[in-house]
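Below are the chains, spelled out letter by letter.
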Amino acid sequence: MTELLNNETVVDYIAQHPEFAEHIDVATAKAKEIGDGNLNLVFLVKDADGRGLVVKQTLPYVRSDHSWKVTEDSIFAEARGLEAADKYTNGLSPKFYGLDRDRRLVVIEDLSDWAQWREALDEGSVNPGAARDVGRFVARLAYGTSYFSREPQDVQKAAAESINPELEQITEDLIFEEPYYEHEHNGWEPGATDLVLALRDEELRTQVAKLKYEFLTNGEALLHGDLHSSSLFVRSEKNPLADDDTESPRIKAYDFEFGFYGPVAFDLGILWGNFLLAQARELALLADGPETIGVREGKDFARFDWLISLYEEAWDGFETEFRRLVGEHKADKIFTDAFVDGWIARTLRFAAGYAGAEGIRRTIGWAHLPDLETLDPDRKVWASRVVLTASRALLERFEEVGSAADVRRIVEESIPTSQRSQA
Ligand code: SR1
Ligand code: MG
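The paragraphs below set out a description of the structure included in this document.

Calculation criteria
- Residues numbered from 1 in each chain as written.
- Chains lettered and ligands numbered in written order.
- Predicted model: local features only at pLDDT ≥ 70, side-chain atom pairs only at ≥ 80, totals over all residues.
- Heavy atoms only, no water.
- Phe/Tyr/Trp six-rings, centres within 6.5 Å; stacked < 30°, edge-to-face > 60°.
- Helix = DSSP H or I, 4+ residues; strand = E, 2+ residues; numbered from the N terminus.
- Buried < 20%, exposed > 50% of the residue type's maximum accessible area, 1.4 Å probe, protein only.
- Lys NZ or Arg CZ within 6 Å of the ring centre and 35° of its normal.
- Core = buried A, V, L, I, M, F, W, Y, C linked by side-chain atoms within 4.5 Å.
- Contact = heavy atoms within 4.5 Å.
- Near = heavy atom within 4 Å.
- Polar contact = N/O pair within 3.5 Å; in protein donor to acceptor, adjacent residues only side chain to side chain.
- Areas by Shrake-Rupley, 256 points an atom, 1.4 Å probe, with all protein chains shown as cover.
- 1 Å grid on protein atoms, 1.4 Å probe; cavity = no way out; pocket = protein on both sides within 12 Å on 5 of 7 lines; lining within 4 Å.
- Sits in = over half its atoms within 2 Å of the grid points.
- Nonpolar A, V, L, I, M, F, W, Y, C, P; charged D, E, K, R; others polar.
- Pairing = 2+ DSSP bridges.
- Points joined across faces, edges and corners; volume = space filled by probe spheres on them.
- Salt bridge = Lys/Arg side-chain N within 4 Å of Asp/Glu carboxyl O.

Some words on the packing of aromatic side chains
Okay, step 1: With the rule as written, the count across this model stands at 27 aromatic pairs.
Okay, step 2: Between Phe 322 and Trp 343, the aromatic rings sit 4.7 Å apart at their centres with planes inclined by 20°, giving stacked as the arrangement. Here Trp 343 lies in helix α13 (residues 337-364) and Phe 322 lies in helix α12 (residues 310-328), a separation of 21 residues in the sequence. Assigned by exposure class, Phe 322 and Trp 343 land together as buried.
Okay, step 3: Here the basic side chain of Arg 101 rests over the ring of Phe 76, its NZ or CZ set 4.3 Å away from the ring centre.
Okay, step 4: Lying across the ring of Tyr 181, Arg 205 places its NZ or CZ 4.0 Å from the centre.

Here it is, written out as structure tokens:
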């Protein structure tokens, strides 16, 4: 087992590594462990002038359950993801300063003046344009690492080097299995038990099986692998991808340790599933009781209307950017326009399914999130019911989805009132 760093030893470690020490003044540097994820220690190291860097070291166990042992090799997936994102996504990830294979750590740019998107959303932020950039991020990573831009042997070699079976297994279990069976990891609000038990149904399990099989077998591009809103930073700044000079929210994707060659739809679907959590939280906060979920009279639904528009914004960012890249260059001339159209349509359908799977596992599985957990007990039940109802509908209907507007419609139709979004 690799020796774990602490707030004191991490500064000594940096001092002994000139390639990292060049980014800060180690003589005045102080470190703080700021990790809130399950699988890593994250140290923010800052000097007296405010210059900083981040050291991320893999834990050999799950932070909240030390009896759950996890491979320390996920740091290699982290490094691969950071390198690929740096190469292909045009500044939509932190700068990567290096990997120490023996100490199982990476050193990256300090982004402490950015906000974690989930924290910002849970505090009520509105960030128009951020979802579009996440869609662009997915498009660029997908294009840059796949057969659409690279030679087959090149892709196959990269895919072989990117296997990440232990972390894939966590996703297989937590997303595609445990929520649909009795399992000690599961937990939910008693007020949602009827919806949870109804998920243990052979037809619904068959829908989940289709998504899991795609996840297991379709190694088409390097994925982020865990693209939820806690894996994204957001800040307002000039966007080098935009046509004009105005400032707009920008994103940076981080936490690449779940990366592997898989279906591009998975990254988009995880993102969408987390939009659903933010929407359910907002609905619960706006309501006075379960019967007024979604009732607009006397309430300001402007922020909800923005949140519900994010499926389309993210998809538009993805599709527009992907079509632009493929339009500039395709590695294989037999990838006709009609083939590209079909690939995009298929990606959309599976993304809708993955959104449902993510919504369900975040509500009743092992890895709950602050979006619902920080609500008062009543509102947590209302929000859980919204997420479970909408997620179930997405699982049942993902194969009929033909546009991101369909995803939005399926979610809106699941809100238990006739008073829905008018955006
Ligand atoms: C044991 S890891 C649990 C969850 O946290 C990560 O962020 C992934 O979403 C994973 O499923
Ligand atoms: Mg993470």
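Looking at the nonpolar core
Okay, step 1: Trp 117, Phe 137, Phe 176, Trp 272, Phe 275, Phe 318 and Phe 322 are the most contacted members of the largest nonpolar core, which totals 112 residues.
Okay, step 2: For this core, the element with the highest residue contribution is helix α10 (residues 264-286), accounting for 15 residues.
Okay, step 3: In contact with Phe 322, other than residues within four places in its own chain, are Ala 139, Ala 142, Tyr 143, Phe 148, Trp 343 and Ile 344.
Okay, step 4: Counting 19 residues, the second largest nonpolar core, distinct from the first, contains Val 10, Ile 14, Ala 29 and Ala 31.

Quick look at the side chain of Asp 226
Okay, step 1: Relative to the helices and strands, Asp 226 is located in the loop between β9 (221-222) and β10 (232-238).
Okay, step 2: The contacts of Asp 226, once residues within four sequence positions are left out, are Ser 231, Phe 258, Asp 267, Ile 270, Arg 361 and Arg 362.

Considerations on the site of ligand 1
Okay, step 1: Neighbouring ligand 1 are the residues Asn 38, Val 62, Trp 68, Leu 174, Asp 226, His 228, Phe 258, Arg 361, Arg 362 and Trp 366.
Okay, step 2: Take His 228: an N or O atom from its side chain is 3.4 Å from an oxygen atom of ligand 1.
Okay, step 3: A distance of 3.0 Å separates an oxygen atom of ligand 1 from a polar side-chain atom of Arg 362.
Okay, step 4: Contact with the protein chains hides 93% of the accessible area of ligand 1, taken as 320 Å² for the molecule alone.
Okay, step 5: Judged by the fraction of its atoms near the pocket grid, ligand 1 is located in the largest pocket.
Okay, step 6: Considering only residue class, the shell around ligand 1 consists of five nonpolar, two polar and three charged.

Observations concerning unusual backbone geometry
Okay, step 1: In the Ramachandran plot, Asn 90 falls in the positive-phi region, its phi being about 60° despite a non-glycine side chain.
Okay, step 2: Mapped onto the fold, Asn 90 is located in the loop between α3 (74-88) and β6 (96-100).
Okay, step 3: Among the residues examined, Asn 90 registers a relative accessible area of 33% and is labelled partly exposed.
Okay, step 4: Not every positive phi belongs to a glycine, and Arg 104 is a case in point at roughly 55°.

Description of the pairing of strand β1 (residues 30-33)
Okay, step 1: Of the strand pairs in this sheet, β1 and strand β2 (residues 40-46) are connected by four bridges, and their pairing is antiparallel. By the bridge assignment for β2, Lys 30 is matched with Lys 46.
Okay, step 2: Counted between consecutive antiparallel strands, the loop separating β1 from β2 contains six residues.

Some remarks on the layout of surface pockets
Okay, step 1: Approximately 1,000 Å³ is the volume found for the largest pocket.
Okay, step 2: Lining the largest pocket are 47 residues, and of these Asp 36, Gly 37, Gln 116, Ser 230 and Asp 255 sit closest to its centre.
Okay, step 3: Sort the elements by how many residues they give to the lining of the largest pocket and helix α7 (residues 165-176) lands first, with four residues.
Okay, step 4: Across the lining of the largest pocket, the residue classes break down as 23 nonpolar, twelve polar and twelve charged.
Okay, step 5: Size it by volume and the second largest pocket reaches roughly 280 Å³.
Okay, step 6: For the second largest pocket, the lining is made up of 14 residues, of which Arg 80, Ala 84, Arg 150, Ala 158 and Glu 161 are closest to its centre.
Okay, step 7: Elements with a contribution of two residues or more to the lining of the second largest pocket: α3 and α6 (152-161).
Okay, step 8: A total of five residues in the lining of the second largest pocket trace back to one element, the largest contributor, which is α3.
Okay, step 9: Counted by class, the lining of the second largest pocket contains five nonpolar, two polar and seven charged residues.

Digging into the pattern of salt bridges
Okay, step 1: Tallying each qualifying case throughout the model produces 42 salt bridges.
Okay, step 2: Between Glu 319 and Arg 323 there is a salt bridge; the shortest N-O distance is 2.9 Å. With Glu 319 and Arg 323 both in helix α12 and four residues apart, the pair spans about one turn of that helix.
Okay, step 3: Judged by its relative accessible area of 21%, Glu 319 is partly exposed.
Okay, step 4: Through salt bridges with shared partners, a single network forms among Lys 56, Glu 78, Asp 255 and Glu 257.

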